[in-house]
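# Close look at the chain arrangement
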Amino acid sequence: MPEDVRREWFEKDYYKVLAVAKNATAAEIKKAYRKLAQEHHPDANEGNKASEDRFKEISAAYDVVGDADKRKSYDQVRDMGASGFGPGGGGRPGPGGGFRYEAADFDIGDIFSMFGGGGGRGRASRPQRGADLETEVKVSFDEAMTGTNVPVKISGPAQCSRCHGSGAEPGTTPITCQQCAGRGQISVNQGLFSMAQPCPSCGGSGRIIQTPCTTCRGTGAEKRTRKFSVKIPAGVKDGSRIRLGGRGESGPTGGQAGDLYVRVSVGAHRFFGRKGDDLTVELPVTFPEAALGANVKVPTLNGPVTLKVPAGTPGGKTFRVKGKGAPKRGGHGDLLVTVRIDVPAKLGREEKDLVKRLQEASKDDPRAGLGVEKG
């Protein structure tokens, strides 16, 4: 059972805060959190107090239901609250199907020990993890195919450069909070049982900073601009996200930093397209080449190759050139070449005569299946 069970677990529906169902998967919860956090992040809503409060609410919700152990305990708390337990209520079934209460003095952790959750008294508070961040970089199609390194600049809370996240002035050390003995919580008597609440002396950190850092004023973080070089792997797809562990916002007073997610936007190519790991290209051929067959040069990422176009090839026919697509793990995709019959916009007198002679000599009726006569 996590040590930071609080009264608001009974009162706050964190699933509703994140706009997800109670049975949502961890991936769905993470996706919802990142979307909301990006929308309400203080850096994107400077001076907007409502957005700042909403961001804190979203972060608090994800801190609980985004952690598997905390989520399990939170669900147990909510289920007990729905059954009559919680601030102002609690007990066990009594006569007539109601609840009968017995006076007791026990910690909320003792309740969860009945469910096999463990925890309870005497456990130290764990530092809170910092928020994840997301940014976007743009690369050209060619850079996406070969791979490249792209500079990224992030502005926002980061580990304090002076105290390295401890919150204490260099040369000094935080001391254990005497009121909560380093647990970060105190038990407050609610009448029927005790509720664990953040320690008012240390704010839930379990530590007292006697000499705060002069740069971050004891928070362990400072707002600054950080620069990174992000390696873009060869063959990266448009919209891919690259995770940089520990490059997000720093956790409060020494907590683990969040992650930085870099979303890659790939520019379009003037003639190549893409389908998964395959590249596509449209190949114009003349009518004589399509009718009589020809060997035609086709562009690839590594220079042109020769493609044999069989006699009688129709427009729209697609040929597959193995291994000439986008880079992927263990090799390359294929190149899909689609034939397009190139019809001249203008013909000279001699060309017109030749086409007319061909038309007169042709015995085929391309519209025979439509029930109409040729001509």
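Look up a bit, the structure's there.
This text gives an overview of the structure that appears in the document. Within any chain, residue numbers begin from 1 and follow the written order of that chain's sequence. At least 70 in pLDDT is required for a residue's local features to be given in this predicted model, at least 80 for side-chain atom pairs to be given and counted, and no such filter applies to totals for whole chains, interfaces and linings, which use all residues. The basis for every side-chain value is the complete set of non-hydrogen atoms in the structure, without hydrogens or water.

## Examining the sheet that holds strand E19 (residues 335–341)
As summarised here, the arrangement of the four strands in space is E12-E13-E19-E16, forming an open sheet in which the pairing is mixed. Edge positions in the open sheet fall to strand E12 (273–275) and strand E16 (318–321), since each of these has one partner strand only. Averaged over all neighbouring strand pairs, the angle between strand axes comes to 35 degrees, with direction disregarded. Two strands are counted as paired when DSSP detects at least two bridges linking them. For helices the rule is a DSSP run of H or I covering at least 4 residues; for strands it is a run of E covering at least 2, with both sets numbered from the N terminus onward. Pairing of strand E13 (residues 278–285) with E19 involves seven bridges; the strand directions are parallel. Counterpart to Glu-282 in the pairing with E19 is Thr-338. Axis angles are defined between N-to-C directions and span 0 to 180 degrees, where every axis is a line fitted to C-alpha atoms and, for a helix, only to the segment in contact.

## Concerning helix H3 (residues 26–40)
Along its 15 residues, H3 runs 21 Å from first to last C-alpha, staying within 8% of the 21 Å computed at 1.5 Å per residue. Every buried residue of H3 is accounted for by Ile-29, Ala-32, Tyr-33, Arg-34, Leu-36, Ala-37 and His-40. Residue count minus one, scaled by 1.5 Å, sets the expected span of a helix. Each residue gets one of three labels from its accessible area relative to the maximum for its type: buried under 20%, exposed over 50%, partly exposed in between, using a 1.4 Å probe on protein chains only.

## Thoughts on the nonpolar core
Among buried residues, those of type Ala, Val, Leu, Ile, Met, Phe, Trp, Tyr and Cys that are joined through side-chain atoms within 4.5 Å constitute a nonpolar core. Ranked by size, the top nonpolar core spans 36 residues in total, and within it Ile-232, Val-264, Leu-307, Leu-335 and Val-337 carry the most contacts. Contacts of Val-337, omitting those with residues within four sequence positions, involve Val-281, Leu-283, Val-298, Leu-307, Lys-317, Thr-318, Phe-319 and Val-321. Throughout, a residue-residue contact means that at least one pair of heavy atoms, one from each residue, lies within 4.5 Å.

## Some thoughts on the sheet that holds strand E10 (residues 241–244)
With respect to topology, three strands assemble into an open sheet ordered E3-E11-E10, the strand pairing being mixed. Only two strands of the sheet have a single partner each, and these edge strands are strand E3 (133–139) and E10. Going from strand to strand, the sheet's axes swing by 25 degrees on average, the running direction of each strand aside. Two strands pair when backbone bridges link them, and E10 and strand E11 (residues 260–266) are joined in this way by four bridges, in the antiparallel orientation. Among the inter-strand pairings, Arg-243 is bridged to a residue of E11, identified as Tyr-261.

So, to be careful, I would describe these as geometric facts and stop short of saying anything about function.
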